[in-house]
Amino acid sequence: MNAPLMRTLPSMPGPCPVIETARLTLRPHRMSDADAIAESLNDYQIVRMLARVPVPYDRQDAADWLGRATSGITPDWSLAITTGDDVHLGVVSIELRHGLWHLGYWLNRYYWGKGLMSEAAGAAIERFFRRMPQTELHSGAFADNAASLRIQDKLGFSILRCGDLYSCARNAVAPHIETRLTEADFRRP
């Protein structure tokens, strides 16, 4: 008799954690974050660097995204980047897409240039690797997003390839650089 085929499911990192850093609290999103997300993502300087965010972006778009992000249906982590007074500054997410784990992030423009994203992404990656050792983490950035590429380089990501990716906000295909990080190459900022 033949044994039934068993499909191995990838291991999962568990529920979205709360992570404290020196300056930030990363926490699971809540529906009350909709206004702050809509305000941030209504800024073209932010969304032009993101592939999947449409322009314009309003509160209903944020509520729709939050409905998926907070549902618990997927194994993804969608962490709100907040300050001690719970002000929503941006997002760090680690998502399972097409069988690969992907890091994504954005930050409200008024908080750029302060090292907050390196701190937030580094903390999320460190926790992820503690739960998912020997897992590769993929990311990337549009080629004209030098700040994001610097963050990834600082964290230890290496370039896999360059290609083109459609951007909803730009309504065009743009050059995109794909990156990858292993636990062994990770550098905590």
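Above this text you will find the structure in question.
Treat the numbers as computed from the prediction; the structure is a model and nothing was measured.

Chemist: Describe the overall build of the protein, and please don't skip the residues or the numbers.
Modeler: The helix and strand inventory of the protein stands at 5 helices and 8 strands. N-terminal to C-terminal, the α/β element order of the protein is β-β-α-α-α-β-β-β-α-β-α-β-β. Scaling as 2.2 N^0.38, a compact globule of 189 residues should have a C-alpha radius of gyration of about 16 Å, and the protein matches this with 17 Å. For the C-alpha atoms alone, the extent of the protein along its principal axes is close to 60 × 35 × 35 Å. Expressed as a percentage of its 189 residues, the buried residues of the protein come to 43%. Across the protein, the fraction of contacts at a sequence separation of at least 24, relative to all contacts at a separation of at least 6, is 66%. When the accessible surface of the protein is totalled, it reaches about 10,400 Å², and 53% of it is carbon and sulfur.

Chemist: Help me get a handle on the side chain of Arg27, residues and values and all.
Modeler: Tracing the backbone shows Arg27 in strand 2 (residues 25–28). Among the polar contacts made by the side chain of Arg27, one reaches the side chain of Asp86 at a distance of 2.9 Å. Look past the residues within four positions of Arg27 in its chain and what remains in contact with it is Pro17, Val18, Asp33, Ser78, Leu79, Ala80, Thr82 and Asp86.

Chemist: Any chance you could break down the sheet that holds strand 7 (residues 158–167) for me, citing the residues and the numbers?
Modeler: If you trace the 8 strands from one edge of the open sheet to the other, you get 1-2-3-4-5-6-8-7, paired in mixed fashion. Of all strands in the sheet, those with a lone pairing partner are strand 1 (19–20) and strand 7, marking the two edges. The pairing of strand 5 (residues 100–107) with strand 6 (residues 137–142) spans 2 bridges and is classified as parallel. When the sheet's bridge partners are listed, Trp101 is paired in strand 6 with Leu137. Relative to the sheet, helix 4 (residues 116–131) contacts strand 1, strand 2, strand 3 (77–82), strand 4 (88–97), strand 5, strand 6 and strand 8 (172–181), its axis offset from that of strand 4 by approximately 35°.

Chemist: So what's going on with helix 3 (residues 59–69)? Which residues, and what values?
Modeler: Among the residues of helix 3, those classed as buried are Ala62, Ala63 and Leu66. Looking straight down helix 3, one finds its buried side chains confined to an arc of 100°; they lie on one side. Its side-chain oxygen 3.0 Å from the backbone nitrogen of Gln60, Asp58 forms the N-cap of helix 3.

Chemist: How would you sum up the environment of Phe186? Please name residues and give values.
Modeler: When you line up the elements, Phe186 lands in the segment after strand 8. In this structure, the C-alpha to C-alpha distance between Phe186 and Gly72, residues 114 residues apart in sequence, is 28 Å. Once you skip the residues sitting within four places of it in the chain, Phe186 turns out to touch Gly122, Ile125, Glu126, Phe129, Leu155 and Leu181.

Chemist: Just give me the short version of the nonpolar core, but keep the residues and values in it.
Modeler: Within soluble globular proteins, side chains that are nonpolar generally end up buried alongside one another. One finds Ile81, Ile125 and Leu137 to be the most contacted residues of the largest nonpolar core, which totals 29 residues. Elements supplying a minimum of two residues to this core: strand 3, strand 4, strand 5, helix 4 and helix 5 (146–155). Leave out the neighbours within four places in its chain, and Leu137 touches Ile94, Trp101, His102, Leu103, Ile125, Phe128, Phe129, Phe157, Thr179, Arg180 and Leu181. Counting 14 residues, the second-largest nonpolar core is a separate cluster that includes Leu41, Ile46, Val47 and Ala169.

Chemist: Break down the side chain of His29 for me, citing the residues and quoting the values.
Modeler: Within the fold, His29 resides in the loop between strand 2 and helix 1 (34–40). Among the polar contacts made by the side chain of His29, one reaches the main-chain carbonyl oxygen of Ser78 at a distance of 3.0 Å. Separated by 3.0 Å, the side chains of His29 and His88 make a polar contact. The residues touching His29, leaving out its near neighbours within four places in the chain, are Ile37, Trp65, Leu66, Thr70, Ser78, Leu79, Ala80, His88, Gly90 and Val91.

Reading the values: rules and limits
- Residues numbered from 1 in each chain as written.
- Predicted model: local features only at pLDDT ≥ 70, side-chain atom pairs only at ≥ 80, totals over all residues.
- Heavy atoms only, no water.
- Helix = DSSP H or I, 4+ residues; strand = E, 2+ residues; numbered from the N terminus.
- Rg over C-alpha atoms; globule rule 2.2 N^0.38 Å.
- Buried < 20%, exposed > 50% of the residue type's maximum accessible area, 1.4 Å probe, protein only.
- Contact = heavy atoms within 4.5 Å.
- Areas by Shrake-Rupley, 256 points an atom, 1.4 Å probe, with all protein chains shown as cover.
- Polar contact = N/O pair within 3.5 Å; in protein donor to acceptor, adjacent residues only side chain to side chain.
- Pairing = 2+ DSSP bridges.
- Axes fitted to C-alpha atoms, helices over the stretch in contact; angles between N-to-C directions.
- Arc of directions from axis to C-beta.
- Core = buried A, V, L, I, M, F, W, Y, C linked by side-chain atoms within 4.5 Å.

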